[in-house]
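# Survey of secondary and tertiary structure
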Amino acid sequence: MSVDPLDKHLGWVNDINETQNCNVNFPIIADEDKNVASLYGMIHPNASETFTVRSLFVIGPDKKIKLTLTYPASTGRNFHEVLRVIDSLQLTSNYSVSTPVDWKPGEDVIIANTINNEDAKKRFPKGIRQVKPYMRYTPQPNLD
């Protein structure tokens, strides 16, 4: 989302594609009057009128906010981290696991404490590595 007019978006897409050697294939939503950005506190109140929206919301299929992240205007966004979080959210919504600090797709995940060892062995046939009674790892369950 951008607080600039729609006509500027096409120029940005061209600039991004050229300078980042990519192909932007997602919409950029115009919020020229800043209604949405203001309602959701997406721009710091003391920021310049020309600063970009610095907040990111990841909203799940259940229409609930799963992540909010706000970058300072002086710091570029980390899309690798955003994609990592989305991978984690999708994985953990389908399995009773969580992802540890600095987890990357393909690495081991933590089995939820709500699952006892007997059930965990059935649900996670790739194996369980218990570090502490409350910390049990298993290979990422949705990979072959």
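Each remark here, short or long, concerns the structure printed above.
Overview of the structure. (Residues numbered from 1 in each chain as written. Predicted model: local features only at pLDDT ≥ 70, side-chain atom pairs only at ≥ 80, totals over all residues. Heavy atoms only, no water.)

### Structural notes on the pattern of salt bridges
The following threshold applies: One speaks of a salt bridge when a side-chain nitrogen belonging to Lys or Arg is within 4 Å of a carboxyl oxygen belonging to Asp or Glu. Burial here depends on accessible area, computed with a 1.4 Å probe over protein chains only, as a share of the maximum for the residue type. Under 20% is buried, over 50% is exposed, and the range in between is partly exposed.
Inspection of every chain in the model, using the stated rule, returns 4 salt bridges. The residue D62 makes a salt bridge to K66 at a minimum N-O spacing of 2.8 Å. Residue classification places D62 among the partly exposed positions, given a relative accessible area of 40%. What makes K66 partly exposed here is its relative accessible area of 40%.

### A short note on unusual backbone geometry
Operational definition: A run of DSSP states H or I qualifies as a helix once it reaches four residues; a run of E qualifies as a strand once it reaches two. Both are numbered from the N-terminal end.
Despite not being glycine, K63 has its phi angle at roughly 65°, a positive value. Note that K63 resides in the loop between β1 (55-59) and β2 (65-70). In the Ramachandran plot, D102 falls in the positive-phi region, its phi being about 60° despite a non-glycine side chain. Within the fold, D102 resides in the loop between β3 (97-98) and β4 (109-111). Note on D102: relative accessible area 55%, which makes it exposed.

### Overview of the pairing of strand β5 (residues 129-132)
As a reminder, the rule being used: We call two strands paired when DSSP finds no fewer than two bridges between them.
Sheet topology places β5 next to strand β6 (residues 135-138); 3 bridges connect them, and they run antiparallel. From the neighbouring strand, R129 faces β6, where its bridge partner is Y137. Linking two consecutive strands that pair antiparallel, namely β5 and β6, is a turn of 2 residues.

### Focus on the layout of surface pockets
Put simply, the test is: With a 1 Å grid spanning the protein atoms alone, the term cavity applies to any set of points in which a 1.4 Å probe fits but cannot get out, the term pocket to an open set with protein on both sides within 12 Å along at least five of seven lines, and the term lining residue to any residue with an atom within 4 Å of a point. Grid points are joined across faces, edges and corners, and a volume is the space filled by probe spheres set on the points. Asp, Glu, Lys and Arg are counted as charged, while Ala, Val, Leu, Ile, Met, Phe, Trp, Tyr, Cys and Pro are counted as nonpolar; the rest, among them Gly, fall into the polar class.
Roughly 190 Å³ of internal volume is contained in the second largest pocket. Residue lining of the second largest pocket: V58, I59, G60, P61, D62, K66, I86, L89, Q90 and S93, and that is the complete set. The element contributing the most residues to the lining of the second largest pocket is helix α3 (residues 79-94), with 4 residues. Looking at the lining of the second largest pocket residue by residue, the classes come out as 5 nonpolar, 3 polar and 2 charged.

### Here we look at the packing of aromatic side chains
What counts, and what does not: Two rings from Phe, Tyr or Trp (for Trp, the six-membered ring) form a pair when their centres are within 6.5 Å of each other. A pair whose planes differ by under 30 degrees is stacked, one over 60 is edge-to-face, and the rest are tilted. By definition here, charges over rings are those cases where NZ of Lys or CZ of Arg is within 6 Å of the ring centre and within 35 degrees of the ring normal.
This structure, assessed with the given rule, holds 1 aromatic pair. Look at Y40 and F57: their rings are 6.1 Å apart centre to centre, the planes differ by 65°, and that puts the pair in the edge-to-face class. Taken together, the positions of Y40 in the loop between α2 (35-39) and β1 and F57 in strand β1 put the pair 17 residues apart, joining distant regions of the chain. Assessed through its relative accessible area of 54%, Y40 is described here as exposed. It is R129 that lies over the ring of Y137; its NZ or CZ is 4.5 Å from the centre.

Worth remembering: the numbers are spatial, not functional.
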